[in-house]
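Secondary and tertiary structure notes
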Amino acid sequence: MEVRVSVIKKRLKSIKRIISVASGKGGVGKSLVASTLALNLAEKGHKVGLLDLDLYGPSSHIILGVKDVFPEEEKGIIPPKIHGIKFMSIVYFTEDKPSAFRGIDITNIIIELLAITQWGPLDYLIIDMPPGIGDETLDVIRFIKKGEFLVVTTPSKVAMGAVSKLLKILKELKIPVIGVLENMKMTESSIIEDTVAEIGIPFIGSIFFDKNLEDAIGDGDLLLKTKFMEELGDNLKKTNL
Amino acid sequence: MHEWALAESIITAALEAAEKEHLKTITEIKIGIGELQQIEQDIFEFALNEIIKAHGKKLKNVKISIETEESTLKCKICGHTWSFSDMMKKLNEEESEAIHFIPEVAFVHTRCPKCGSPDFEIITGRGVSIISIKGKR
Ligand SMILES: Nc1ncnc2c1ncn2[C@@H]1O[C@H](COP(=O)(O)OP(=O)(O)OP(=O)(O)O)[C@@H](O)[C@H]1O
Ligand SMILES: [Mg+2]
Ligand SMILES: [Zn+2]
């Protein structure tokens, strides 16, 4: 009998809101939005955790510049704090080596991480999701009953094609979606906004392509000063975050 | 002390199962621990006892037995099977500790000893589980 699932609810009990940053498409800025959202909320004085569930291609640790830290063992594992954010990722255990996992292993890792991580009281737990509607998304829906989604897309019709599918399934399952962020916008167009409105999900707003962003990757202090961060902050004001 | 978290999941799951089966008391829990996770049995048992004490009536006279399950791994490419003890010899301390927390990172830190593939399965002996529960209605 699988026992770890029983304890997950207890581990998440003192977390007020759990927000998965997701997309039907890869490379649209989920990890960047997840990390900067966590930074933004921590800056506002909230207690924040960040969980990287992109198990093949974890990247939150690169964005935040997490190095030379390891969780503490105390009735489970306590995530180290980076920029005031409690940060948990598979990289602590893989030493960043290539990670090939099959679906059942993905599920087992997610269960294990959720069962042994002692987050303590948090206002927000942000989850950096891998692209698509695969095992990770299904497991988050299965194990995190009070979860919400924040969906990221780019202005591309190709991205929006995949993102629409994610939005529709979330809607069908009646999972709360805070809204859709259009990222890496280059020119004015309302295609994404219109498509999102048609599906009946809130459109939050857009973040423009920031050509100076790359220089800030790996440094939380620099990230806070980017144009990207400023635009994210403005967009969040339109939500209850 | 991440054994504590695993012990807690055993007890939480046992209490849930007892609830479902309308058991007033749980008299016996048989626990399996997979070799791959290298549980420190002393710490694990200590944690179980502490958690049981905190749960009063329902678990008061429960008998706990623990069985260790040998770990077998099987390659999906060449079909070779091997055991945790074969694999253990090649691991350094950090790798072994990582597998202790998340058994699946065995796929990251080791390979099939025969063909070198990372595409193998954990057939037996992964982590902790309840083998059986007995109780009184
Ligand atoms: N608004 C932006 N301006 C400039 N660069 C951006 C912007 N948003 C994201 N990027 C860059 O685009 C790349 C992809 O972003 P990110 O890794 O966050 O995407 P992702 O959706 O998490 O990808 P994956 O699907 O692989 O997880 C990164 O190099 C990131 O720094
Ligand atoms: Mg990502
Ligand atoms: Zn092989």
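Attention in this report is confined to the structure presented alongside it. Please read all numbers here as calculations on a predicted model, not as lab measurements.

Parameters at a glance
- Residues numbered from 1 in each chain as written.
- Chains lettered and ligands numbered in written order.
- Predicted model: local features only at pLDDT ≥ 70, side-chain atom pairs only at ≥ 80, totals over all residues.
- Heavy atoms only, no water.
- Pairing = 2+ DSSP bridges.
- Helix = DSSP H or I, 4+ residues; strand = E, 2+ residues; numbered from the N terminus.
- Axes fitted to C-alpha atoms, helices over the stretch in contact; angles between N-to-C directions.
- Contact = heavy atoms within 4.5 Å.
- Parallel < 35°, antiparallel > 145°, perpendicular 65-115°, else oblique.
- Nonpolar A, V, L, I, M, F, W, Y, C, P; charged D, E, K, R; others polar.
- Donors = N, O, S within 2.8 Å, 3.2 Å for Na, K, Ca; no water.
- Tetrahedral: all angles 85-135°; square planar, octahedral: opposite > 155°, others 65-115°.
- Buried < 20%, exposed > 50% of the residue type's maximum accessible area, 1.4 Å probe, protein only.
- Core = buried A, V, L, I, M, F, W, Y, C linked by side-chain atoms within 4.5 Å.

Details of the sheet that holds strand β1 (residues 25-34) of chain B
All names here are of chain B. As summarised here, the arrangement of the three strands in space is β2-β1-β6, forming an open sheet in which the pairing is mixed. The sheet is open, and its two borders are formed by β2 (63-69) and β6 (128-136), each paired with just one other strand. With strand direction ignored, the average angle separating the axes of adjacent strands in the sheet is 15°. Lying over the sheet, helix α1 (residues 3-20) contacts β1 and β6, oriented at roughly 40° with respect to β6. Most of the contacts of helix α2 (residues 41-54) go to β2, to which it runs at about 150°, and overall it touches β1, β2 and β6.

Here we look at the packing of helix α1 (residues 4-12) of chain A against α1 of chain B
As a packed pair, α1 of chain A and α1 of chain B sit with axes 7 Å apart at the nearest point and diverge in direction by 105°. On the basis of their axis angle, the class for α1 of chain A and α1 of chain B is roughly perpendicular. Together, R4, S6, V7, K10 and R11 of chain A of α1 of chain A and A5, E8, S9, T12, A13 and E16 of chain B of α1 of chain B make up the contact between the two elements. In terms of residue class, the contact of α1 of chain A with α1 of chain B is made up of three nonpolar, three polar and five charged.

Looking at the coordination of the zinc ion (ligand 3)
Residue and element names in this part refer to chain B. In the first shell of the zinc ion (ligand 3), the protein supplies C75 (SG), C78 (SG), C112 (SG) and C115 (SG), at 2.3 to 2.4 Å from the metal. One way to put it: the four donor atoms around the zinc ion (ligand 3) meet at angles of 105 to 113°, and that makes the site tetrahedral. Residue class for C75 comes out buried when judged on its relative accessible area of 3%.

Considering the nonpolar core
Within the largest apolar cluster, 125 residues are counted, with the highest numbers of intra-cluster contacts made by F93, I126 and L167 of chain A together with I10, I29 and F44 of chain B. Ranked by residue count, the leading element in this core is α1 of chain B, at 10 residues. Sequence-distant contacts of F44 of chain B, that is, excluding residues within four places in its chain, are made with E3, L6, A7, I10, I31, I33, I39, I66 and V128 of chain B.

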